[in-house]
Each structure stands twice: as C-alpha cells, then as structure tokens.
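A structural walkthrough
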Amino acid sequence: MKLGSRRMILPFMGTAIVCLQGVAPASGQAAPEQKPLMVEDVFKNVQVLKGIPVNQFMQTMGFFSASLGLNCTYCHVTESLANWEKFAEDVPLKRTARRMILMVNAINKDNFQGRRVVTCYSCHHGGQRPKVIPSLAEQYSTPEEDPNEVEITGQAPAGPSADQILDKYIQALGGAQRLAGLTSFVAKGTYEGFETFHMKVPLEVFAKAPAQRTTIVHTLQGNSTTTYDGRVGWVAAIDKPVPVLSLAAGDDLDGAKLDADLSFPARVNQALTQWRVGFPAAFIGERETQIVQGTSTGGSRVKLYFDKESGLLLRTVRYTATPVGIVPTQTDYSDYREVAGVKMPFHTVVTWTDGQATTELSEVQPNVPIDAAKFAKPSAPVAPPRKPATQ
C-alpha cells in the first residue's frame, strides 16, 4: 500500500491502526461490563469529540477519511506509525479539523435547528480542498447512479408491500419450513481486508438461532473476534484501541445484531421495525432491486436490496450516526449455495468509509452442536511469537 492511497488502514509494529488521536496507557483495570468505554477514557488530547463511545469515534475518523480522501498520516505526524503516543500530538491539520467541526456545528445550529444538514462531505466531497468552480464535465456528463442514494419520493411508483417482498425472500431461500429447520451452523473460509494486507487468511463462523454469531479471523497478528450473544457484543483484536471492546448500545450493537439475525432469516420480519417501501427503481450491477427500509432496535436506519427477479438479498446498507455526519456500512451478498435445503451466500463484501473486507466460505456444517462458550465474551487476543530472522 502506498502512503497516498485513500481510505486505508496503515501497518504499525505488526498490527494495523486506524486514525487515532493517541492511545492512553492501559490502567490494568477492566471497565464495567455494561458501561461502554468513552473516547476520553482511551485516547489522549481529544478536545472536541468528547463523550462518545470509542467505536463511534473510530467511525467519525472514517467519516473524515471519506470526506477528504485522506489517510491517517495526513492528519497526524508520520512518527505515529512507530509510536502510538504520537497520534496525540497537535499538528496544523488537526487544529484545522477542530475549527471546521465547530464551524459546521454552528451552521447547523443557526440554520437547521441543529440537524446535521451540512457536513464535511457537503463541501469537500472526497477532496482535500472544496471546489469553488463548477465542473462542466460533471454538468454535461451522465452521472453514475448510486443505488444507495435512492430515497422515497412522493412520485415513487406503487409496488409490493414490505411483507410481500420479505415473504418472497423467505421463499427464495427455501421456504419457512426449511429455514426453521436450520438451527445452527459452523462455517470455514477465508477473509481478506486491509488489516490482513490484502492477503487471504482463515476464517471461522459459529452461529446459533435465533441470533447468536461469532466470527474469528486468524490474522498474522493474532485472532480478530467479533461476538454477539443475542443481547450484547464484543470485538477483540490487536488492531483495536483496547484488546476487548464492548459494543456500545445503539449503532455499534445494531450491526452485530443484524448480522446475527440475517444468519437465520426465518424471522427477518422481526429483525427490524417501521418497515417502509416505495423507493424508485434501483440497480445493483445489471440486477433490478426492490428496496425495503427498516429501523433497528438502536434506531439505525437499514436498507435491504432484494433482487426483483429471484427475491434474494443482494445488499444491506446500515446508516450510523456520528457527531459529524451519517456513516454508511454496505454489505453485498452473492454466490448463494444450498445448505440443508437453505440457500446461503458464500461470498460477502463489507464496505465502510475506511475499509473493505471480503469473506468467502468454503465449508458450512448445518445443525451441529456449538459450545455456549463460543458466544461468551472473548479473551484478549495474543500476538503470535515473532519468527527469528534467517541468516
């Protein structure tokens, strides 16, 4: 990876780090189980973005990356790559970022009753400097349609209801009876992402109905584990600001819950609430889709894109609120194969503002017993011993 590449995670001492403000030394004392770690509990020199959970802070860094097309070292000193503490140092771009946050907050407060109508992306739109001269090329060319930007309008054509679209999905997967018969599965495959330096590494998935799921990625730096036990969740990885991070209630937990719910979609109608339809036609590649929108338990807005012809789920987009704007997380599903009479996607691509990861399953064992310990709070990851240098 070259330094100038966009939306990337940078290597650091055998791990990977995401744009940090500087990590405070560990205290040796575990945080209370139900209280999420706040950004000021973990990072040093945070001045404007205080009082938010750590994961939301990291998503905010991703929003900056997407808005300006920059990576960590553009806003932090280069020495940060060799020393976590260096991320806390003040540099001109960080001071500018603080002023910009306060400016945008004031604009929204004075003009839009505090709603996040204007964000960093509104002006920068993926560039370091806002454009001030209209682009004739953009004005007179045919823009590429982004299905994620399609929203409900008053002129949207009438179509099937949310229940009808979801029922078609259940039938496409194999029918309600077969879906109800799938109570657990263990899967193996590969994972490829920025934190694996785009190398394919082994992956394991343990899932149990109605909504428990654990994913273990065996990276060269140690295991990266994401667990949802049906109520709470955790992420344990060496590249995280703390070894085991509890998922904060709301947006962080919503994503883990959605993944677990969609692992056993017999109850997909209950996974979200406030279902809405009425979106204009949208295409993913050459496939026309039908979009259904719902609201998660934590309040996140979620769009589900179903293939109009087959009824299969092609994409979900979950929108997470941060102090500076809304962050989308997109998951694309393909290569559906039959497992115990139920179709499952064997190829999944997750894309977010500062990363992309591809999962390919090679083996799925349905209806096998799974130890309850697989869905318990994971242990802190341990980095594998370094191999001695060869002469």
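Computed from a prediction, not measured in an experiment: that's the story for all the values here.

To continue, consider the confidence of the model for the protein chain. On average, residues of the protein chain score 86 in pLDDT, and 88% of them reach the 70 mark or higher. Long-range and interchain partners of residues 1-32, a stretch whose pLDDT sits below 50, account for 99 contacts in this model, where long-range means more than four residues apart.

Take the layout of surface pockets next. The volume enclosed by the largest pocket comes to roughly 970 Å³. In terms of lining residues, the largest pocket is bounded by 24 residues, among which Tyr 121, Asp 146, Asn 148, Glu 149 and Pro 328 are the most central. Put simply, the parts of the chain that give the lining of the largest pocket at least two residues each are α2 (54-68), α5 (120-124), β13 (313-322), β14 (325-339) and β15 (342-352). In terms of residue count, the dominant contributor to the lining of the largest pocket is β14 (four residues). Of the residues assigned to the lining of the largest pocket, the class counts are nine nonpolar, nine polar and six charged.

Here the focus is the side chain of Thr 316. Locating Thr 316 in the fold gives a position in strand β13. A distance of 3.5 Å separates the side chain of Thr 316 from the side chain of Tyr 333, its partner in a polar contact. Excluding anything up to four places from it in sequence, Thr 316 contacts Leu 262, Lys 303, Leu 304, Thr 329, Gln 330, Thr 331 and Tyr 333.

With that settled, the discussion passes to the pattern of salt bridges. For the structure shown, the criterion picks out 11 salt bridges. Salt-bridge contacts for Arg 98 lead to Asp 90; the nearest nitrogen and oxygen are separated by 2.8 Å. On the basis of relative accessibility, which here comes to 35%, the residue Asp 90 falls in the partly exposed class. For Asp 261, the salt bridge goes to Lys 257, with nearest N and O atoms at 2.7 Å. Remark: Lys 257 and Asp 261 occur in helix α9 (residues 251-263); sequence separation between them is four residues, near one turn of the helix. Here the residues in one salt-bridge network are Glu 151, Arg 301 and Lys 303, joined through shared partners.

Attention now goes to α2. For an α-helix the count is 3.6 residues per turn, leaving residues at separations of three or four pointing the same way. Its 15 residues give α2 an end-to-end C-alpha distance of 22 Å, which sits within 8% of 21 Å, the value for a rise of 1.5 Å per residue. Of all the 15 residues making up α2, 15 are buried; the element is thus mostly covered by neighbouring parts of the structure. Residue Gly 69 follows α2 closely and has a positive phi angle near 70 degrees.

Here we come to the pairing of strand β3 (residues 184-193). β3 sits mainly inside the fold: seven of its 10 residues count as buried. Examined bridge by bridge, β3 and strand β4 (residues 201-208) share eight bridges and lie antiparallel to one another. Bridge assignment links Gly 189 to a residue of β4, and that residue is Leu 203. Summarising the sheet, β3 and strand β16 (residues 355-366) pair through nine bridges and their orientation is antiparallel. In the strand pairing of β16, Val 186 is matched with Gln 365.

Buried residues dominate strand β11 (residues 287-295), accounting for seven of its nine residues. Here strand β10 (residues 282-284) folds back onto β11, and the loop between the two strands holds two residues, one of which, Gly 285, carries a positive phi near 65 degrees. One ladder, built from seven bridges, connects β11 with strand β12 (residues 301-307); its direction is antiparallel. Within the sheet, the bridge partner assigned to Ile 291 lies in β12 and is Tyr 305. Where β11 hands over to β12, the hairpin turn is made up of five residues, of which Gly 299 adopts a positive phi near 100 degrees.

Residue position: Lys 94 is located in helix α4 (residues 92-111). Lys 94 gets classed as buried once you look at its relative accessible area, which sits at 6%. Sequence spacing of Lys 94 and Tyr 74 is 20 residues, and the spatial spacing of their C-alpha atoms is 9.5 Å. A polar contact of 2.9 Å, which involves the side chain of Lys 94, links it to the backbone oxygen of Glu 89.

This next bit is on the packing of aromatic side chains. Enumeration according to the criterion identifies three aromatic pairs in this entry. Ring plane angle 35 degrees and centroid distance 4.9 Å describe the contact between Phe 43 and Phe 57, whose orientation is recorded as tilted. On the criterion of sequence distance, the pair formed by Phe 43 in the loop between α1 (39-42) and α2 and Phe 57 in helix α2 is long-range, its members being 14 residues apart. Residue Phe 43 shares its accessibility class with Phe 57, and that shared class is buried.

A word on a nonpolar patch on the surface. A cluster of nonpolar side chains, namely Met 100, Met 103 and Ile 107, defines an oily patch on the protein surface of about 220 Å² accessible area. Tracing the backbone through its elements, the reader meets Met 100 in helix α4. The class for Met 100 is partly exposed, based on a relative accessible area of 33%.

The subject of this paragraph is α9. With 13 residues, α9 should reach 18 Å at 1.5 Å per residue; the first-to-last C-alpha distance of 19 Å fits that figure. Considered for burial, the residues of α9 that qualify are Asp 251, Asp 252, Leu 253, Asp 254, Gly 255, Ala 256, Leu 258, Ala 260, Asp 261, Leu 262 and Ser 263.

Rules behind the numbers
Residues numbered from 1 in each chain as written. Predicted model: local features only at pLDDT ≥ 70, side-chain atom pairs only at ≥ 80, totals over all residues. Heavy atoms only, no water. pLDDT = per-residue confidence, 0-100. Contact = heavy atoms within 4.5 Å. 1 Å grid on protein atoms, 1.4 Å probe; cavity = no way out; pocket = protein on both sides within 12 Å on 5 of 7 lines; lining within 4 Å. Points joined across faces, edges and corners; volume = space filled by probe spheres on them. Helix = DSSP H or I, 4+ residues; strand = E, 2+ residues; numbered from the N terminus. Nonpolar A, V, L, I, M, F, W, Y, C, P; charged D, E, K, R; others polar. Polar contact = N/O pair within 3.5 Å; in protein donor to acceptor, adjacent residues only side chain to side chain. Salt bridge = Lys/Arg side-chain N within 4 Å of Asp/Glu carboxyl O. Buried < 20%, exposed > 50% of the residue type's maximum accessible area, 1.4 Å probe, protein only. Expected span 1.5 Å × (residues − 1). Pairing = 2+ DSSP bridges. Phe/Tyr/Trp six-rings, centres within 6.5 Å; stacked < 30°, edge-to-face > 60°. Patch = residues over 30% accessible without salt bridge, like charges linked within 9 Å, V, L, I, M, F, W, Y side chains within 5 Å. Areas by Shrake-Rupley, 256 points an atom, 1.4 Å probe, with all protein chains shown as cover.

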